[in-house]
Amino acid sequence: MPGPEATQISAFTAAAAHALCFASLAVAHSLAGRGALVSDPALALRLLVVCGAPVVIAVYSYLRRDARSCSFFKAVARGLIGLLVGAFLNAFGAIVLGAPVGIKYWMTTIYWSLLMSLFTFVPAACVFGSSKIDWQNVLSHSIYFTPTDVENYMISAPCHGAVLGAWIGAWPMPLDWERPWQEWPICVSYGAVAGHLVGMAVSWVLIALHKRRVRAKAD
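The structure displayed is predicted, hence computed values, not measured ones.

*Asks:* When you look at helix α8 (residues 150-169) in this model, what are you seeing that I'm missing?
*Replies:* Structural remark: α-helix, 3.6 residues per turn; residues separated by three or four positions point the same way. With 20 residues, α8 extends 29 Å from end C-alpha to end C-alpha; this agrees with the ideal 28 Å at 1.5 Å per step. Most of α8 sits out of view: 15 of its 20 residues are buried.

*Asks:* Would you mind going over the packing of helix α5 (residues 106-120) against α8 with me for this structure?
*Replies:* Angle between the axes and distance between the axes are the two parameters that describe a pair of packed helices. Contact geometry of α5 with α8 gives a least axis separation of 8 Å together with a crossing angle of 145°. For the pair α5 and α8, the contacting residues are Trp112, Met116, Phe119 and Thr120 in the first and Pro158, Cys159, Ala162, Val163 and Ala166 in the second. When the residues that make up the contact of α5 with α8 are grouped by side-chain class, the tally is eight nonpolar, one polar and no charged.

*Asks:* I keep staring at a nonpolar patch on the surface and nothing clicks. Help me out?
*Replies:* Taken together, the side chains of Ile81, Val85, Phe88, Leu89, Phe92, Val96 and Leu97 present a nonpolar region at the surface, about 780 Å² in accessible area. Positionally, Phe92 belongs in helix α4 (residues 72-96). Classification of Phe92 by relative accessible area gives exposed; the value is 53%.

*Asks:* Explain the UniProt feature "transmembrane region" (unreviewed entry) in the chain to me, please; I cannot follow it from the model alone.
*Replies:* Look at the UniProt record and you will see "transmembrane region" (unreviewed entry) annotated at residues 44-63, 75-98, 110-129, 150-170 and 190-209. What you have in residues 75-98 is 92% helix and 0% strand, and the ends, taken at the C-alpha atoms, are 34 Å apart. Secondary structure content for residues 110-129 is 90% helix and 0% strand, and the end C-alpha separation is 24 Å.

*Asks:* How do you make sense of the nonpolar core when you look at a structure like this?
*Replies:* Within soluble globular proteins, side chains that are nonpolar generally end up buried alongside one another. In this structure, Tyr60, Trp112 and Met154 are the most contacted members of the largest nonpolar core, which totals 58 residues. Among the elements that take part in this core, helix α3 (residues 41-62) stands out by supplying 12 residues, more than any other. Ignoring anything within four residues of it in the chain, the contact list for Met154 reads Ile9, Ala14, Ala17, His18, Tyr60, Leu63, Ser203 and Ile207.

*Asks:* Teacher, can you tell me more about the packing of aromatic side chains here?
*Replies:* Given two aromatic rings, their pairing is described by the distance between the two centres and the angle made by the two planes. Summed over all chains, the structure comprises five aromatic pairs. Consider the rings of Trp167 and Trp171, whose centres lie 5.1 Å apart with planes at 75°: the pair is edge-to-face.

Reading guide: rules and limits
Counting from 1, residues in each chain are numbered in the order their sequence is written. Only residues with pLDDT of 70 or above have their local features reported here, since the model is predicted, and side-chain atom pairs are shown and tallied only from 80 upward, although totals for entire chains, interfaces and linings are computed over all residues. Processing note: side-chain calculations cover all non-hydrogen atoms of the structure and skip hydrogens and water entirely. Where helices and strands are cited, they refer to DSSP runs of H or I of at least four residues and of E of at least two residues respectively, numbered from the N terminus. Here the expected span of a helix is defined as 1.5 Å times the quantity of residues minus one. Buried residues are those whose accessible area, probed at 1.4 Å on protein chains only, stays under 20% of the maximum for their type, while exposed residues exceed 50% and partly exposed ones sit between those limits. For helices, the axis comes from a line fit to the C-alpha atoms of the stretch in contact; other axes are also lines fit to C-alpha atoms, and the angle between any two N-to-C directions lies between 0 and 180 degrees. The contact definition used throughout considers only heavy atoms, calling two residues in contact when any of these lie within 4.5 Å. Note that Gly is not counted as nonpolar here; it falls among the polar residues with everything else outside the nonpolar set of Ala, Val, Leu, Ile, Met, Phe, Trp, Tyr, Cys and Pro and the charged set of Asp, Glu, Lys and Arg. Each patch is built from salt-bridge-free residues with over 30% relative accessible area, joining like charges within 9 Å and nonpolar side chains (Val, Leu, Ile, Met, Phe, Trp, Tyr) within 5 Å. Reported accessibility uses the Shrake-Rupley method at a 1.4 Å probe radius. Residues are deemed covered only where the shown protein chains occlude them. A side-chain nitrogen of Lys or Arg and a carboxyl oxygen of Asp or Glu constitute a salt bridge if their distance falls within 4 Å. UniProt positions are given in the numbering used here, feature names are shortened, and annotations may be inferred rather than shown by experiment. Note on terminology: a nonpolar core comprises buried Ala, Val, Leu, Ile, Met, Phe, Trp, Tyr and Cys residues joined through side-chain atoms within 4.5 Å. Aromatic contacts are taken between Phe, Tyr and Trp rings whose centres are within 6.5 Å, Trp giving its six-membered ring; a plane angle under 30 degrees counts as stacked, one over 60 as edge-to-face, and the others as tilted.

In structure tokens form, the structure reads like this:
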């Protein structure tokens, strides 16, 4: 069942939060230039992280669930820790699944891992801290089939979208097409960003439907 916090975040607030995060990605893309992810993936990914991290951490720290017991700056600290821990886990997972480990790729792997952490670990770390139950809820697929809190929709769909997008984006890498964008982690990054943006849209739809159900019950 939704907690009391669910009524405190409106569909407009959720949309505004996602719009700010999207704007940070758009600014990074503009600074990097068209096609930079293919021509200079390290630069493009670095700009995505540098532009996106402050916005994502600030937005989700403001939306922290335990606002009475956790200050904004403590939530920011949780986000920074989540960024580093998530990057390590993403890098480890990528290498286990076949990402190259040569010197040529280590910088792009670091930046890609930080970006994936920004999409997956950071929002939950800022909002929930170390709450095991909340992390389990937000990572579960059942969130799409049962009523839940607005924050869960905001975090889950973009997170799942980024992971699914990265997984789909990895498919062309082993194919013998000899295209520049098949190199690690270019197509995986495109897939992750695209999946994350689709997840943002899906989460807003779920939030709007959730608010409609709440109003219908109230009436």
